[in-house]
Amino acid sequence: MSDCIFCKIAAGEIPSTKVYEDDDFLAFMDINPLIKGHFLLIPKSHHPDVFAMPDETLQGLIVRAKSLAAAARQGLGANGVNLQQANGRAANQIIDHYHMHIIPRWEPDDLPVANWELKPGDEGDIGEAAEAIRKAVG
Ligand code: ZN
């Protein structure tokens, strides 16, 4: 954990451009912004991904994400906001400390975030995947 860059940012050992901070959470500007106003929201406690997050921490985080997204929309005059979060290398998670990207959007912009082309899927494949998920939910 001591090597975790987000833990160091949360502890103030590495400087960041803060947007919001309370006892449990910190929001700070992404130093590699996808677009103007792109920032991150993290729990100050170290949890590698959503699966490791205590439910209470996750609940607190999403409520703050909602407020911060509204602030980004109002403060920057954005038309929309993406809340994006990755878990695991296959999902392009790079830093193993839970973080949510808060990404203001303007229409039109050229960001690849959530801009996939709609193509009808195979009904059989969709049904199989749904069944596998339903079984795992229990
Ligand atoms: Zn950490």
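Calculation criteria
- Residues numbered from 1 in each chain as written.
- Predicted model: local features only at pLDDT ≥ 70, side-chain atom pairs only at ≥ 80, totals over all residues.
- Heavy atoms only, no water.
- Donors = N, O, S within 2.8 Å, 3.2 Å for Na, K, Ca; no water.
- Tetrahedral: all angles 85-135°; square planar, octahedral: opposite > 155°, others 65-115°.
- Helix = DSSP H or I, 4+ residues; strand = E, 2+ residues; numbered from the N terminus.
- Buried < 20%, exposed > 50% of the residue type's maximum accessible area, 1.4 Å probe, protein only.
- Lys, Arg positive; Asp, Glu negative; His and termini not counted.
- Salt bridge = Lys/Arg side-chain N within 4 Å of Asp/Glu carboxyl O.
- Polar contact = N/O pair within 3.5 Å; in protein donor to acceptor, adjacent residues only side chain to side chain.
- Contact = heavy atoms within 4.5 Å.
- Core = buried A, V, L, I, M, F, W, Y, C linked by side-chain atoms within 4.5 Å.

Report on the coordination of the zinc ion, specifying residues and quantitative values.
Coordination of the zinc ion by the protein is provided by Cys4 (SG), Cys7 (SG), His46 (ND1) and His97 (ND1), with metal-donor distances spanning 2.0 to 2.3 Å. Taken together, the 4 donor atoms coordinating the zinc ion span angles of 104 to 116° at the metal, a pattern that classifies the geometry as tetrahedral. One chain supplies every donor to the zinc ion, and in sequence these donors are spaced C-x2-C-x38-H-x50-H. Separated by 90 residues along the polypeptide, Cys7 in helix 1 (residues 5-10) and His97 in the loop between strand 4 (80-84) and strand 5 (100-105) bring together distant segments of the chain. For Cys7, a relative accessible area of 16% translates into the label buried.

Break down the side chain of Asp30 for me, with residues and values.
Residue position: Asp30 is located in the loop between strand 2 (25-29) and strand 3 (39-43). Despite its burial, Asp30 pairs with no opposite charge; the closest candidate is Arg105, at 14 Å N-O. There is a polar contact of 2.7 Å between the side chain of Asp30 and the backbone nitrogen of Asn32. If sequence neighbours within four positions are ignored, Asp30 has contacts with His38, Phe39, Leu40 and His101.

Could you give an account of the side chain of His97, naming the residues involved and the relevant values?
The exposure class assigned to His97 is buried, which follows from its relative accessible area of 0%. Only 3.3 Å separates the side chain of His97 from the side chain of His46, close enough to count as a polar contact. Beyond its immediate chain neighbours, meaning those up to four positions away, His97 contacts Cys4, Phe6, Cys7, Ile42, Pro43, Lys44, Ser45, His46, His47 and Pro48.

Mind laying out the nonpolar core, listing which residues take part and the relevant values?
Ranked by size, the top nonpolar core spans 13 residues in total, and within it Phe39, Leu41, Leu61, Leu68 and Ile102 carry the most contacts. Sequence-distant contacts of Leu41, defined by excluding residues within four places in its chain, comprise Phe25, Leu26, Ala27, Leu61, Arg64, Ala65, Leu68, Tyr98, His99, Met100 and Ile102. Among the nonpolar cores identified, the runner-up in size contains 9 residues, and Cys7, Ala10, Leu26 and Leu40 belong to it.

Nothing here speaks to function; it is all geometry.
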